[in-house]
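Reading the structure
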Amino acid sequence: AGLDVAGSEPPHSSPQDSAGATQGKIAGALAALRKGHGEVIWAEFGAQVLKWRDPGAVTTVFLLDSGCSPNGLVARFEWTLTNILLQDSFPDPPAADIVTAASGRGEYVRQRVYEVQPGHDRVVVLTKADPKRECSLAYAWQGGGQDGGQVGPEPCLECKL
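The following refers to the structure shown.

What counts and what doesn't
- Residues numbered from 1 in each chain as written.
- Predicted model: local features only at pLDDT ≥ 70, side-chain atom pairs only at ≥ 80, totals over all residues.
- Heavy atoms only, no water.
- Salt bridge = Lys/Arg side-chain N within 4 Å of Asp/Glu carboxyl O.
- Helix = DSSP H or I, 4+ residues; strand = E, 2+ residues; numbered from the N terminus.
- Core = buried A, V, L, I, M, F, W, Y, C linked by side-chain atoms within 4.5 Å.
- Buried < 20%, exposed > 50% of the residue type's maximum accessible area, 1.4 Å probe, protein only.
- Contact = heavy atoms within 4.5 Å.
- Pairing = 2+ DSSP bridges.
- Axes fitted to C-alpha atoms, helices over the stretch in contact; angles between N-to-C directions.

**Description of the pattern of salt bridges**
This structure, assessed with the given rule, holds three salt bridges. Asp121 is the salt-bridge partner of Arg34, the closest N and O atoms lying 2.9 Å from each other. Highlighted residues: Arg34 in helix H1 (residues 19–34) and Asp121 in strand S8 (residues 121–128), separated in sequence by 87 residues.

Rendered as structure tokens:
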């Protein structure tokens, strides 16, 4: 059981918030997402992937929530980004290679597999790196939750996409 989805965000060039305001905005977004508000981009067997984007188009937050899925959630994303910092494990800072790639003038692509254990969630945050430059965000993803009653092996998400 799973789903393939592609999405994109339009290019934007709005001014970036201060770090403190951005952190506060993300905290507010997470509180709303954990209460079920935001865009549900996928839900199955009690697991779900939710998305929130600020009106100024500076920050996008994905909440990968295993919910009550007895076997958790696995999601594979392919991010295509320009001038966007990718934080795979918010609140941890972005990895050094991501900072370097986001600071460059071109597009960069990263593929990630996120495994979320039952009863846990994972937060992925994307923020504009340079407020003076336009940015773009596109993604393709595949996700799967399991109800525990599955018969037979399911191909892994790393191999499917």
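**Structural notes on the nonpolar core**
Counting residues in hydrophobic clusters, the biggest one holds 26 residues, and the most contacted among them are Val49, Phe62, Leu64, Phe77, Trp79, Leu86 and Leu126. Of the residues forming this core, the biggest block, five residues, is contributed by strand S5 (residues 73–82). Dropping the residues within four chain positions of it, Leu64 is found in contact with Gln48, Val49, Leu73, Ala75, Phe77, Tyr114, Val116, His120, Asp121, Arg122 and Val124. Leu30, Leu50, Val61 and Phe90 belong to the second-largest nonpolar core, a separate cluster that totals ten residues.

**Quick look at the sheet that holds strand S2 (residues 39–44)**
Strands sit in the order S2-S3-S4-S8-S6 across an open sheet of five strands; the sheet is antiparallel. Where the open sheet ends on each side, the last strands, each with one partner, are S2 and strand S6 (84–87). Within this sheet the neighbouring strands show an average axis-to-axis angle of 10°, counted without direction. Two elements, S2 and strand S3 (residues 47–53), share five bridges in a ladder whose sense is antiparallel. Bridge pairing links Glu44 to Ala47 in S3.

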